[in-house]
Amino acid sequence: MSSMKVAWSDALCTGNRAIDNQHKYLIDIINDLADAIESGQTAQSMKKIVNLLQYYTEWHFCKEEDCMERLKCPVAARNKQAHAQFIEAFLGFRSELEAGGDSSEIATRMYKTLTSWLVQHIQGIDANLRHVSGEDGAPAAAPAPPPAETPPPAAPPSADEKTEPPLASPPQESSPAEGNAAKKWWQFGR
Ligand SMILES: [Fe+2]
């Protein structure tokens, strides 16, 4: 039973694949903290998760801030400020843990604060990435892929076709201008 856990949903999508993946992993680590609390893990185990959470959060914030700056996202400055506030709150909880308080009680407060902050932050600020192009070539409003039934003319052969012997395909006619040099081996002597 993990009643505390946060579930990923489309409501948390920013439209930027890289950032969404980072948020998913962030939520995974936060949920590990919930597991540790609920299964009565030692203070030492919780500190390990909190360490990982801090390193990953800081790395992710850097990536996301760079991304917003590069894409000239209108909320880039607000995002940076919110991240700084988050880190401050995070370090407060961390100091409490280091000071040797009731780790389960501190971790529970930490978990609740971080999850509600993260969800609101993603939906309120990070979601603005939707209005700018994604950094990994995945624009927010990605153009629909071509329909499957109309493949481009130069599409490579399917896996099945590749297994057929070469002569099963009709020979390609080369234009006269190409001369013999452009002829395929099976076209000589015709
Ligand atoms: Fe953010």
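The structure this text deals with has already been given above.
Here goes a summary of the coordinates provided. The structure presented is a predicted model; accordingly, all values stated were derived computationally and were not measured. (Residues numbered from 1 in each chain as written. Predicted model: local features only at pLDDT ≥ 70, side-chain atom pairs only at ≥ 80, totals over all residues.)

### Remarks on the nonpolar core
If you look at the biggest cluster of nonpolar residues, it comprises 16 residues, and the most contacted ones within it are Ile30, Leu33, Ile37, Met46, Ile49, Ala107 and Tyr111. When contributions to this core are tallied by element, the ones reaching two or more residues are α1 (17–38), α2 (43–70) and α4 (103–124). Ranked by the residues each element gives to this core, the list is headed by α1, at seven residues. When residues no more than four places from it in sequence are discounted, the contact partners of Ile37 are Ser104, Ala107, Thr108 and Tyr111. Of all hydrophobic cores here, the second largest spans seven residues; its members include Ile19, Met68, Leu129 and Val132. (Core = buried A, V, L, I, M, F, W, Y, C linked by C-beta atoms within 7 Å. Buried ≥ 20, exposed ≤ 12 C-beta atoms within 10 Å, placed from the backbone. Helix = DSSP H or I, 4+ residues; strand = E, 2+ residues; numbered from the N terminus. Contact = placed C-beta atoms within 7 Å.)

### Regarding the packing of α2 against helix α3 (residues 76–98)
Close contact between α2 and α3 brings their axes to 10 Å; oriented N to C, the two are set at 170 degrees. With respect to α3, the element α2 is oriented roughly antiparallel. Of α3, the residues touching α2 (which contributes Lys47, Val50, Gln54, Thr57, Phe61, Glu64, Glu65, Met68 and Glu69) are Ala76, Asn79, Lys80, His83, Phe90, Arg94 and Leu97. Along the lines of polarity and charge, the residues of the contact of α2 with α3 split into six nonpolar, four polar and six charged. (Axes fitted to C-alpha atoms, helices over the stretch in contact; angles between N-to-C directions. Parallel < 35°, antiparallel > 145°, perpendicular 65-115°, else oblique. Nonpolar A, V, L, I, M, F, W, Y, C, P; charged D, E, K, R; others polar.)

Note that every value here comes from positions in space, so none of it alone points to a role or purpose.
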